[in-house]
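Fold and contact review
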2 protein chains.
Amino acid sequence: MFKVVLSMAVLAAFCLPAQAQFAKPEDAYKYRASVMFLQSQHMGRINGQLKSDKPNLALVAENAAILDTVNKLFFTAFPEGSDMVASSRAKPEVWSQAAKFKQYADRLNGDVGKLLAASKGGDLAATRAAFQSTAQTCKACHDDFRRD
Amino acid sequence: MFKVVLSMAVLAAFCLPAQAQFAKPEDAYKYRASVMFLQSQHMGRINGQLKSDKPNLALVAENAAILDTVNKLFFTAFPEGSDMVASSRAKPEVWSQAAKFKQYADRLNGDVGKLLAASKGGDLAATRAAFQSTAQTCKACHDDFRRD
């Protein structure tokens, strides 16, 4: 049994991109939870700007650039079996519907790319639209892939 | 009393750079702990490459680029008073010796800049040297500013 588990781990290490390598499932969980906390903080800062009387789009762009980097880290942190970590709320569908999960990753990158471009370009209406779309993507992915 | 606390919070919100704004000290602690976990994971991946028989400098550069972004987030997450969060190991010197703490931030950014340049340029010896220097900066800062 131990040999089988080990072989699968070795196989996984070769098949996954380098970014996805974790010493243990707990590290993968902690990594994605860390990234999600950063995502929530920077989404919150953008929301704060967009709700203010005078949104500062340069600050929005600064936060969007950080999101653009950390979003890509998030989706590297779901090695198979890491839903077994006690605190994890990842549904088994993350792996059984991997193509759909990947679509959310692409959609999020697209949304945040638009958010970054719009805020950099000083276009408030496009920034608001891209932010709404980003928030909707977050929620839709949580609905489909995160346990309550 | 409530009014005094509120005024100081409002004042702090105006004085601090936007990146440093947190709803509560616990968020600042969680933010820097999240960033430090990412830092430790990516330092570990670089170390793994440099210890291997055939270090892949493109992978080192990929990890160094992530460090280069998240290092800058780390030092935004020390609002005054956030050493009072139960889990925080930040020493009061973070604030009483703020200039020295800032020097470590600059030193770390410099080290990781060199690590990124050396690994991108395919220079293994310079990559090793910059990685050692980065690790020493981490340790020196922990010795001075983190409780045991």
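Residues numbered from 1 in each chain as written. Chains lettered and ligands numbered in written order. Predicted model: local features only at pLDDT ≥ 70, side-chain atom pairs only at ≥ 80, totals over all residues. Heavy atoms only, no water.

**Regarding the interface of chain A and chain B**
- Listed as interface residues are 21 residues of chain A and, on the opposing side, 21 residues of chain B.
- Buried area between chain A and chain B, both sides added, is near 1900 Å², and the carbon and sulfur share of it is 62%.
- For the pair chain A and chain B, the number of links is zero salt bridges.
- Linking chain A to chain B there are four residue pairs in polar contact (both at pLDDT 80 or more).
- When contributions to the side of chain A that touches chain B are tallied by element, the ones reaching two or more residues are α2 (25-51) and α3 (57-74) of chain A.
- For the side of chain A that touches chain B, the element with the most residues is α2(A), which contributes ten residues.
- Looking at the side of chain A that touches chain B residue by residue, the classes come out as ten nonpolar, seven polar and four charged. (Contact = heavy atoms within 4.5 Å. Buried area = accessible area lost by both parts, 1.4 Å probe. Salt bridge = Lys/Arg side-chain N within 4 Å of Asp/Glu carboxyl O. Polar contact = N/O pair within 3.5 Å; in protein donor to acceptor, adjacent residues only side chain to side chain. Helix = DSSP H or I, 4+ residues; strand = E, 2+ residues; numbered from the N terminus. Nonpolar A, V, L, I, M, F, W, Y, C, P; charged D, E, K, R; others polar.)

**Some details on the side chain of R45(B)**
- Take R45(B): it is sitting in helix α2 (residues 25-51).
- Buried charge without a partner: R45(B) forms no salt bridge, and the closest opposite charge is E62(B), 7.0 Å away.
- In this structure the side chain of R45(B) is engaged in a polar contact, spanning 3.5 Å, whose partner is the backbone oxygen of Q21(A). (Buried < 20%, exposed > 50% of the residue type's maximum accessible area, 1.4 Å probe, protein only. Lys, Arg positive; Asp, Glu negative; His and termini not counted.)

**So, the relation of the copies chain A and chain B**
- Mapping chain A onto chain B calls for a screw motion: a turn of 180 degrees about the axis and a shift of 0.0 Å along it, with 0.0 Å RMSD after fitting. Taken together, the rotation and translation relating the two chain copies correspond to the operation of a two-fold axis. The rotation axis passes nearest to the C-alpha of S34(A) in chain A, at a distance of 2.2 Å.
- By residue overlap, the copies meet face to face through one surface: 100% of the interface positions of chain A are interface positions in chain B. (Least-squares fit on C-alpha atoms with pLDDT ≥ 70 in both.)

**Some remarks on the confidence of the model for chain A**
Residue and element names in this part refer to chain A.
- Looking at chain A, pLDDT values average 89 and 86% of them are 70 or higher.
- Per-element confidence in chain A is highest for helix α6 (residues 124-145), whose mean pLDDT is 98, and lowest for helix α1 (residues 2-15), whose mean pLDDT is 43.
- Scored below 50 in pLDDT, residues 1-20 shows twelve contacts in the model against residues more than four places distant or in partner chains.
- In the predicted assembly, ipTM is 0.85 and pTM is 0.86. (pLDDT = per-residue confidence, 0-100.)

**Concerning the nonpolar core**
- Core analysis: the largest hydrophobic core is formed by 40 residues, its most contacted members being Y31(A) and Y31(B).
- When sequence neighbours within four positions are dropped, the list of residues in contact with Y31(A) reads F22(A), L73(A), T76(A), A77(A), F37(B), L38(B), Q41(B), H42(B) and R45(B). (Core = buried A, V, L, I, M, F, W, Y, C linked by side-chain atoms within 4.5 Å.)

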